[in-house]
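# Chains, contacts and geometry: an overview
One letter stands for each residue in the lines below.
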Amino acid sequence: MITSVQEQIAPIQAQLLNHPLYERINHPEHLRIFMEHHVFAVWDFMSLLKALQQGLTCPEVPWKPVGNPNTRYLINEIVLAEETDSNAKGERLSHYEMYLDAMNAARANTNTIQKFVEEMAHSKNWTSAITAANIPPSVREFLLFTFQTIEQGKLHEIAAAFTFGREDLIPDMFSAIIEKIQGKFPKTDLTELQYYFDRHIELDGDEHGPMALVMVTHLCDTTQKWNDVVVTSIKALEARKKLWDGILEAIENEAMG
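Residues numbered from 1 in each chain as written. Predicted model: local features only at pLDDT ≥ 70, side-chain atom pairs only at ≥ 80, totals over all residues. Heavy atoms only, no water.

## Section: the nonpolar core
- By size, the foremost hydrophobic cluster in this structure holds 80 residues, and its most contacted members are Phe-34, Phe-116 and Met-215.
- The leading source of residues in this core is helix α3 (residues 28-56), at 16 residues.
- Met-215 has contacts with Leu-52, Leu-56, Thr-71, Leu-74, Ile-75, Ala-159, Phe-162 and Thr-163, leaving out every residue within four places of it along the chain. (Core = buried A, V, L, I, M, F, W, Y, C linked by side-chain atoms within 4.5 Å. Buried < 20%, exposed > 50% of the residue type's maximum accessible area, 1.4 Å probe, protein only. Helix = DSSP H or I, 4+ residues; strand = E, 2+ residues; numbered from the N terminus. Contact = heavy atoms within 4.5 Å.)

See below:
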């Protein structure tokens, strides 16, 4: 069934992999605009992951074994890597914090995302907080999809957005973009951003990607759930494409302005 899902989502994946955004990022300022949008996706990935951890493991006291042991291992393994990985200096940081460091090194603005994360931490209504936030429309739409999926509480759909909604080939493309910009503008420090993407390529390709596919298989015990996975995955990839569209538009507006 995994093969069937992959075949059905292939057209929207192809649109992402051939998005004109990649060719347009050829200056440090373009990359800063990208990072200032993309950091929201880096952050909200953790909320998808934590929703899965809450649903597929036992975060409560007293503890009891919950669900499939292999799925518990997958979730806890990914949480460990995403929340307390080692940066290039060997320091323990979440991938979100690594990304903020990369943004600071590249002189991108982190104020908007940090203020937003603080406001979300104190919000009792995620949807209202996202709708009211002073963030780009494409980012707002992307986050609304993520948190609406979480709030619906269907674990197989959350797993679909987590597993198929984040295109794992994209980091390869950005490694080439970073190398190109670093060559033309050697004073722009992109080493931490490169490290971030390198870690994702390493973890997603070798470990987390294959394990996530097993998780989806364990969660889908009916034909309807497999159908839901396809629908949610396509919606997640469409939301990512709209995010890319928004970044491209911001870059074009910066060039015109």
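What follows continues from the structure just given.
## Considerations on the packing of aromatic side chains
- According to the stated counting rule, one finds 12 aromatic pairs in the structure shown.
- Ring centres of Phe-45 and Phe-162 lie 4.9 Å apart, and the angle between their planes is 20°; this geometry places the pair in the stacked category. Residue Phe-45 is found in helix α3, and its partner Phe-162 is found in helix α9 (residues 155-164); the two are separated by 117 residues along the sequence. Of the two residues examined, Phe-45 and Phe-162, each falls in the buried class. (Phe/Tyr/Trp six-rings, centres within 6.5 Å; stacked < 30°, edge-to-face > 60°.)

## Observations regarding the packing of α3 against helix α4 (residues 69-83)
- In the contact formed by α3 and α4, the axes pass within 10 Å of each other and the chain directions differ by 145°. α4 is crossed by α3, and the crossing has left-handed handedness. Judged by residue contacts, Phe-45, Met-46, Leu-49, Lys-50, Leu-52, Gln-53 and Leu-56 of α3 engage Thr-71, Arg-72, Ile-75, Asn-76, Ile-78, Val-79, Glu-82 and Glu-83 from α4.
- Residue composition of the contact of α3 with α4, by class: eight nonpolar, three polar and four charged. (Axes fitted to C-alpha atoms, helices over the stretch in contact; angles between N-to-C directions. Left-handed = near helix turned anticlockwise from the far one by under 90°. Nonpolar A, V, L, I, M, F, W, Y, C, P; charged D, E, K, R; others polar.)

## What about helix α8 (residues 137-152)?
- Between its first and last C-alpha, α8 extends 22 Å over 16 residues, near the 22 Å set by a 1.5 Å rise per residue.
- Inspection of α8 places Ser-138, Val-139, Phe-142, Leu-143, Leu-144, Phe-145, Thr-146, Phe-147, Thr-149 and Ile-150 among the buried residues, and these make up the whole buried set.
- As for α8, its buried residues are in contact with α3, α6 (111-121), α7 (126-132), α9 and α12 (223-256).
- Following α8 by one or two positions, Gly-153 has its phi on the positive side, about 75°. (Expected span 1.5 Å × (residues − 1).)

## So, the side chain of Asp-85
- Positionally, Asp-85 belongs in strand β1 (residues 85-86).
- Overall, the relative accessible area of 7% leaves Asp-85 in the buried class.
- Separated by 2.8 Å, the side chains of Asp-85 and His-95 make a polar contact.
- Excluding anything up to four places from it in sequence, Asp-85 contacts Leu-80, Glu-91, Arg-92, Leu-93, His-95, Met-98, Arg-199 and Leu-203. (Polar contact = N/O pair within 3.5 Å; in protein donor to acceptor, adjacent residues only side chain to side chain.)

## Some remarks on unusual backbone geometry
- With an omega dihedral of 0°, the bond running from Val-61 to Pro-62 counts as a cis peptide bond.
- Its location among the elements puts Pro-62 in the loop between α3 and α4.
- We note that Arg-107 has phi near 65°; this positive angle belongs to a residue other than glycine.
- Within the secondary structure, Arg-107 sits in the loop between α5 (95-105) and α6.

## Digging into the environment of Leu-144
- With respect to the secondary-structure elements, Leu-144 resides in helix α8.
- Given a relative accessible area of 19%, Leu-144 falls into the buried group.
- Along the primary structure Leu-144 and Glu-23 are separated by 121 residues, whereas in three dimensions their C-alpha atoms are 28 Å apart.
- Residues within four places of Leu-144 in sequence aside, it is in contact with Thr-127, Ile-130 and Thr-131.

## Observations concerning the pattern of salt bridges
- Under the defined criterion, the tally for this structure stands at seven salt bridges.
- For the salt bridge of Glu-141 with Lys-242, the shortest nitrogen-to-oxygen distance reads 3.0 Å. On the criterion of sequence distance, the pair formed by Glu-141 in helix α8 and Lys-242 in helix α12 is long-range, its members being 101 residues apart.
- Overall, the relative accessible area of 41% leaves Lys-242 in the partly exposed class.
- Between Asp-221 and Lys-225 there is a salt bridge, and its shortest N-O distance comes to 3.2 Å. (Salt bridge = Lys/Arg side-chain N within 4 Å of Asp/Glu carboxyl O.)

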